[in-house]
Amino acid sequence: MSAGAFALVAVAVFAAACMQASIGFGMGMLAAPVVALVDPTLIPGTLIMSAVVVTLLVVVRERQSLDLGGTGWALVGRVPGTLAGAALLLLLPERGLSLLLAGVVLAGVVMATMGWSPPPLRRNLATAGAASGLLGTATSIGGPPMALVLQSSTGARLRGNMSAFFLVGSLMSIAVLAAAGAIERENTEMFVVLIPVTVLGYVASRFVNRLLDPARLRWLSIGISSVGAVLLIGQQIL
């Protein structure tokens, strides 16, 4: 990977880690389209491992605000979703995976724009957990389904509960992907190199929160994600 390509990946991961630490999700949604444009082999392994770092930091920071009553039901759904996501990853060709990734981002944008808010009932939490597991394992973008059912929470509680779910869920995905042989040495090496960038993104979230309220940060990130998804689709079609 050239220095310029690495710089682009590092900036994407930095911004995505900052978004994840600020609003509770977005690591994959923001970074995945950009990273896939540079090096599709880093998806989903490297981003899922990077998500573990930032979600662990957020869980530790927001531990006083954790309320894991519904997270358990979401994790129940995450198990079959993770297995299905690993199977999908192995079956899809690289081009198909890139188009799926872009489609997931744009679908997340549409849902966020519509403001649909299903109540956090057990059934909805389990369904969202399954969808998050499938999409997160296959594309590294598992945030939108969980964000929909947990959006009634705000601030530290939202960040903490979302991060707790994604911490456990990401570890599930890594274990299944590793067992399936879908995580290669290059994924792990890039993850290690990107750890300082991920941590810096987490640290920067404290300063960004003072400049941008969560709603503005969310819409800014959605805009960037949309552009990345459209460019990715253009790259695959052309």
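Residues numbered from 1 in each chain as written. Predicted model: local features only at pLDDT ≥ 70, side-chain atom pairs only at ≥ 80, totals over all residues. Heavy atoms only, no water.

(A) Quick look at helix H4 (residues 71-91). Taking 1.5 Å of rise per residue, 21 residues should cover 30 Å, and H4 covers 30 Å from first to last C-alpha, within 8% of that figure. Maximal helix bending in H4 amounts to about 30 degrees, located at arginine 78; proline proline 80 follows within four positions. Inspection of H4 places Thr71, Ala74, Leu75, Gly77, Arg78, Gly81, Thr82, Gly85, Ala86 and Leu89 among the buried residues, and these make up the whole buried set. (Helix = DSSP H or I, 4+ residues; strand = E, 2+ residues; numbered from the N terminus. Expected span 1.5 Å × (residues − 1). Bend = angle between axes of the 7 residues up to and from the residue. Buried < 20%, exposed > 50% of the residue type's maximum accessible area, 1.4 Å probe, protein only.)

(B) Expanded view of helix H7 (residues 143-150). Counting buried positions along H7 gives eight out of eight residues, so the element sits mostly inside the fold. What H7 keeps buried is the set Gly143, Pro144, Pro145, Met146, Ala147, Leu148, Val149 and Leu150.

(C) Inspection of the packing of aromatic side chains at higher detail. Scanning all chains against the criterion turns up one aromatic pair. When the ring of phenylalanine 165 is compared with that of phenylalanine 166, the centres are 5.1 Å apart and the planes differ by 70 degrees; the resulting orientation is edge-to-face. Phenylalanine 165 sits in the buried class, given a relative accessible area of 0%. Since its relative accessible area comes to 7%, phenylalanine 166 is described here as buried. (Phe/Tyr/Trp six-rings, centres within 6.5 Å; stacked < 30°, edge-to-face > 60°.)

(D) Seen up close, the side chain of serine 170. On the secondary structure map, serine 170 appears in helix H8 (residues 155-179). In terms of polar contacts, serine 170 uses its side chain to reach the backbone carbonyl oxygen of phenylalanine 166, at 2.6 Å. Residues in contact with serine 170, not counting those within four places in the same chain, are Ile48, Ala51, Val52 and Arg78. (Polar contact = N/O pair within 3.5 Å; in protein donor to acceptor, adjacent residues only side chain to side chain. Contact = heavy atoms within 4.5 Å.)

(E) Summary view of the nonpolar core. Counting residues in hydrophobic clusters, the biggest one holds 48 residues, and the most contacted among them are Met146 and Met162. Of the residues forming this core, the biggest block, nine residues, is contributed by helix H1 (residues 3-23). Look past the residues within four positions of methionine 162 in its chain and what remains in contact with it is Gly24, Phe25, Gly143, Met146, Ala147 and Leu150. Core analysis: the second largest hydrophobic core is formed by 14 residues, Val53, Ala86, Ala164 and Leu167 among them. (Core = buried A, V, L, I, M, F, W, Y, C linked by side-chain atoms within 4.5 Å.)

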